[in-house]
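Below, each chain spelled out in residue letters.
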Amino acid sequence: MLELEKVLFKQGQTLFRAQGHCMHPSIKQGEVLQITPLPLEQAAVGDIAVFRRQDSLFAHRIIEQGAKNGEPYIIT
């Protein structure tokens, strides 16, 4: 995962191949996703957010966004 973070920092975007079926039919297994980091404040409902949990990446659609105590958040 550190390598992915280095690529994102250096190049501003990267690609990865989707695995699994949780986003089907929007994202099919084996499709290539382009990841471009952006500030959380720029995320919108309907966007697909990619996040890391331990050593795995997950992509989920944003269903809610807002701010609490001045801190932005999203719900996928």
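Residues numbered from 1 in each chain as written. Predicted model: local features only at pLDDT ≥ 70, side-chain atom pairs only at ≥ 80, totals over all residues. Heavy atoms only, no water.

Asks: Could you give an account of the overall build of the chain, with specific residues and numbers?
Replies: Of regular secondary structure, the chain possesses one helix and six strands. Reading the chain from its N terminus to its C terminus gives the helix and strand order α-β-β-β-β-β-β. Partitioning the contacts of the chain with sequence separation of at least 6, the portion at a separation of at least 24 is 28%. Working note: accessible area of the chain is about 5900 Å², and carbon and sulfur atoms make up 52% of it. (Helix = DSSP H or I, 4+ residues; strand = E, 2+ residues; numbered from the N terminus. Contact = heavy atoms within 4.5 Å. Areas by Shrake-Rupley, 256 points an atom, 1.4 Å probe, with all protein chains shown as cover.)

Asks: Tell me about the nonpolar core, and name the residues and values.
Replies: Residues Phe16, Ala18, Met23, Ile27, Leu33, Ile35 and Ala59 constitute the largest nonpolar core, which totals seven residues. In contact with alanine 59, not counting residues within four places along its chain, are Cys22, Met23, Leu33, Ile48, Ala49 and Val50. (Core = buried A, V, L, I, M, F, W, Y, C linked by side-chain atoms within 4.5 Å. Buried < 20%, exposed > 50% of the residue type's maximum accessible area, 1.4 Å probe, protein only.)

Asks: Give a description of the packing of aromatic side chains that names residues and reports values.
Replies: All chains considered together, the criterion is met by one aromatic pair. Here the aromatic rings of phenylalanine 51 and phenylalanine 58 are separated by 5.8 Å at their centres, their planes lie at 25°, and the arrangement is stacked. For phenylalanine 51, a relative accessible area of 27% gives the class partly exposed. (Phe/Tyr/Trp six-rings, centres within 6.5 Å; stacked < 30°, edge-to-face > 60°.)

Asks: Which residues make up the pairing of strand β4 (residues 56-61), and what values go with them?
Replies: Put simply, side chains in a regular strand alternate between the two faces of the sheet. Bridge count between strand β3 (residues 48-53) and β4: six bridges; the pairing is antiparallel. Counted as the bridge partner of arginine 52 is leucine 57 from β4. Hairpin connection between β3 and β4: a loop of two residues separates the two successive antiparallel strands, and glutamine 54 in this loop has a positive phi of roughly 55°. (Pairing = 2+ DSSP bridges.)

Read these as geometric descriptors, not functional statements.
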